[in-house]
Amino acid sequence: MAVLEIEQLKKSYGTQNVLDGVTFSVDSGSVYGFIGKNGAGKTTTMTIALGLLKPDEGTVRINGEPVTYGDTKTNKYVGYLPDVPEFYPFLTAGEYMTLCADVSGLDKKESKKKISELLEMVGLENNKKRIRNYSRGMKQRLGIAQALINDPILLICDEPTSALDPIGRQQLLTVLKKVKEKTTVIFSTHILTDVEAVCDKVAILNNGKIVKQGSVEQLKAEVKTNQWTVVLETEEEAGRVAEALEIHPELLPAKQTGVKVEGTSESAADAMSIILNCLHTLSVIPVRVERKEPTMEEVFMEAIR
Amino acid sequence: MQLMTDYFAILLPLIILQLILLVTAIVHLVRNDRLSQSNKIIWALVIVFVNIIGPIIYLIFGRKED
Amino acid sequence: MRGYGAFIQKEIRENSRNYKFFILGIIFAIVGLLSPLSARFLPELMETLMDENITIILAEPTYIDSWLQFFSNINQIALVAFVLVFSPVMAKEYEKGTFIHMVTKGLPRLTIYGAKLTVLLLSWTIFYLISFLITRAYTLYYFPEGTSEGLFISVGSLYLFGLLIISLLMLSGVLFRNSYAPLLAVGGGVAVLFIGSIFPVIERWSPLQLATRNVEVLTLQSTDPAFTRGAIITLMITVMFIITGGLVFRRKALQ
């Protein structure tokens, strides 16, 4: 079932079309990566989904209910973590969480337990400091805890990792993985290694449109250029192999550097069979034959080309 | 004599209020680690010598906490 | 309702921890003390400062002088300080994006607005009351012959004028993101009232009467229709500002 459905979303500021017919949906129980360059319209899309911004056209549904501008009812299903979360600096984490629980209308008794659970999960339990003394990473972790206070079925995170140091990022991704068991997560990012680390599915946004979406494996499989490498024992052998491979039109030009021959092809499987055949006829025993998985980076670069 | 009692009846609470204000501002200033040493000295002078207004201005604009 | 209570608690914590309540408490108390003090001792002070060759005849001060000082001090010190201290009431939250967490958790915007307004109105009420009670006590002590006839209306009307100012403070806070905008709006609003008072037609309907004619009401121990009209107009504008502020905030972009 789709937790979040976005249809034909359009938004422009003046003459600039930020969103130009964005359509995609997020199924429940997945971590959904929302990828795009800076300024591609990721934040705009998320803000509209939260009812904080009015779209020019199009609809957003959360859990089947339409999102309206202003006080939207759908917010009770949603947790939100903005890119640079700011909380009331004069409160402690515990006080802030209590405020959030009261605002969400949680049961008083339940909320106490819930708050200590969540603060423990993000490693802020027993922290008596006021939020004004928190580091960026601590605020981000508190951000996750407050976003989960109402047991949302959809957690919206806006570039949650971009402002963090490597340790903070690792912690945050771990928390996101934990959350995944109960909650559907959609997070926008331009850090593609994070996408590979936690996402099941992605949508790529470019020029106000979704240019690609699907599961990570599926998108990688679709990538046209596959890299391959053959490593040989001597340069002489490498030269022979490179020469022999040149005549095959399926392989794009191979390049020899030292004992290594590298190249790309449109189909990894074809390339492999040609290479293995070639090595066999030349009776050369390679040190290594390798076919490189396309990375998310390549998927992304190809999608926005 | 009556004048003196009259005078003190109202002057005393006024002085107490001023002292509370002064002490609160000074205590906050001493504990404030967001100000540099030289800024602290300037604020201390303002708090002590600008009657009533000094401590108030410090507590509103000088705390640098948010 | 729980959200309302929780947000009020947050506002109270904010204002106490940021020393706002403390500062205003002290200022209003000082104003309460200063008014009877200057009424009682100003003539004596003048005499000592004056050249001995010049003899001026100073009327013996009365309880009216004490209240005269009270009204002008509230107007010029306490109310100004109140507006100064609370002018960032909305701007700070707009700027930091702290409303967003509350709104996305389902706290209705009108609840936020209502809670903020409640805290401002309550603060004004309590601080004004403190100031009033102090002045009242010392006035009774220094000028026991004074009467309390007309006091309620003259003091109450200034209180009402304060409510008008607060509703304008909230409305301008909602409208503009800049934290100084409410200062300008309130200052501009009062300036408009003063300019309007040049014209007798407007003067007889103006809310400004509630802040300028207090002594007159106290002395005469009665009001005239113009004053009553001013009070009714003030009440109407206050309610209108409050409602408008709420409606605007409901549709206001928070980012």
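Residues numbered from 1 in each chain as written. Chains lettered and ligands numbered in written order. Predicted model: local features only at pLDDT ≥ 70, side-chain atom pairs only at ≥ 80, totals over all residues. Heavy atoms only, no water.

Draft legend 1. Summary view of the interface of chain C and chain A. Tallying the contact residues gives 28 residues for chain C and 35 residues for chain A. Joining chain C to chain A, the criterion identifies three salt bridges. A salt bridge links Asp102(A) to Arg2(C); the shortest N-O distance between them is 2.6 Å. For the pair chain C and chain A, the interface holds 12 residue pairs in polar contact (both at pLDDT 80 or more). Here the element with the most residues in the side of chain C that touches chain A is helix H1 (residues 2-17) of chain C; it accounts for eight residues. (Contact = heavy atoms within 4.5 Å. Salt bridge = Lys/Arg side-chain N within 4 Å of Asp/Glu carboxyl O. Polar contact = N/O pair within 3.5 Å; in protein donor to acceptor, adjacent residues only side chain to side chain. Helix = DSSP H or I, 4+ residues; strand = E, 2+ residues; numbered from the N terminus.)

Draft legend 2. Structural detail: the environment of Thr234(A). Residue and element names in this part refer to chain A. With respect to the element layout, Thr234 can be found in the loop between strand E11 (226-231) and helix H8 (235-246). Put simply, Thr234 and Val287 are 53 residues apart on the chain and 9.8 Å apart in space, counted from C-alpha to C-alpha. Among the polar contacts made by the side chain of Thr234, one reaches the main-chain amide nitrogen of Glu237 at a distance of 3.1 Å.

Draft legend 3. Representation of the UniProt feature "transmembrane region" (unreviewed entry) in chain C. Under the local residue numbering, the UniProt record ascribes the feature "transmembrane region" (unreviewed entry) to residues 21-42, 70-89, 110-130, 150-171, 183-202 and 226-249 of chain C. Taken end to end, residues 226-249 of chain C is 100% helix and 0% strand, and its first and last C-alpha atoms sit 34 Å apart. (UniProt positions renumbered as here; feature names shortened; annotations may be inferred.)

Draft legend 4. Broad picture of the UniProt feature "domain: Cardiolipin synthase N-terminal" (unreviewed entry) in chain B. Taking the UniProt record as the reference, the feature "domain: Cardiolipin synthase N-terminal" (unreviewed entry) is found at residues 20-63 of chain B. Helix and strand shares over residues 20-63 of chain B are 80% and 0% respectively, and the end C-alpha atoms of the span are 17 Å apart.

Draft legend 5. Quick look at the interface of chain B and chain C. If you look at the interface, chain B gives 21 residues, while chain C gives 22 residues. Across the chain B/chain C interface, buried area totals approximately 1,900 Å², and carbon plus sulfur atoms make up 77% of it. Of all residues in chain B, the largest losses of buried area upon contact with chain C belong to Asp6(B), Ile10(B) and Leu17(B), amounting jointly to 28% of the total for that side. Across the chain B-chain C interface, the total number found is zero salt bridges. Seen at the junction of chain B and chain C, the total is two residue pairs in polar contact (both at pLDDT 80 or more). Those elements that place two or more of their residues in the side of chain B that touches chain C are helix H1 (2-31) and helix H3 (53-62) of chain B. Take the side of chain B that touches chain C: its biggest share by element is 15 residues, from H1(B). (Buried area = accessible area lost by both parts, 1.4 Å probe.)

Draft legend 6. Seen up close, the pairing of strand E3 (residues 31-36) of chain A. All names here are of chain A. Summarising burial for E3: six of the six residues are buried, a large majority. What you see with E3 is no split at all: Val31, Gly33 and Ile35 on one side and Tyr32, Phe34 and Gly36 on the other are buried throughout. Sheet topology places E3 next to strand E8 (residues 184-189); five bridges connect them, and they run parallel. By the bridge assignment, Ile35 is partnered in E8 with Thr189. Where E3 lies against strand E9 (residues 201-206), five bridges are found, and the strand directions are parallel. The partner of Ile35 across the bridge, within E9, is Ile204. (Buried < 20%, exposed > 50% of the residue type's maximum accessible area, 1.4 Å probe, protein only. Pairing = 2+ DSSP bridges.)

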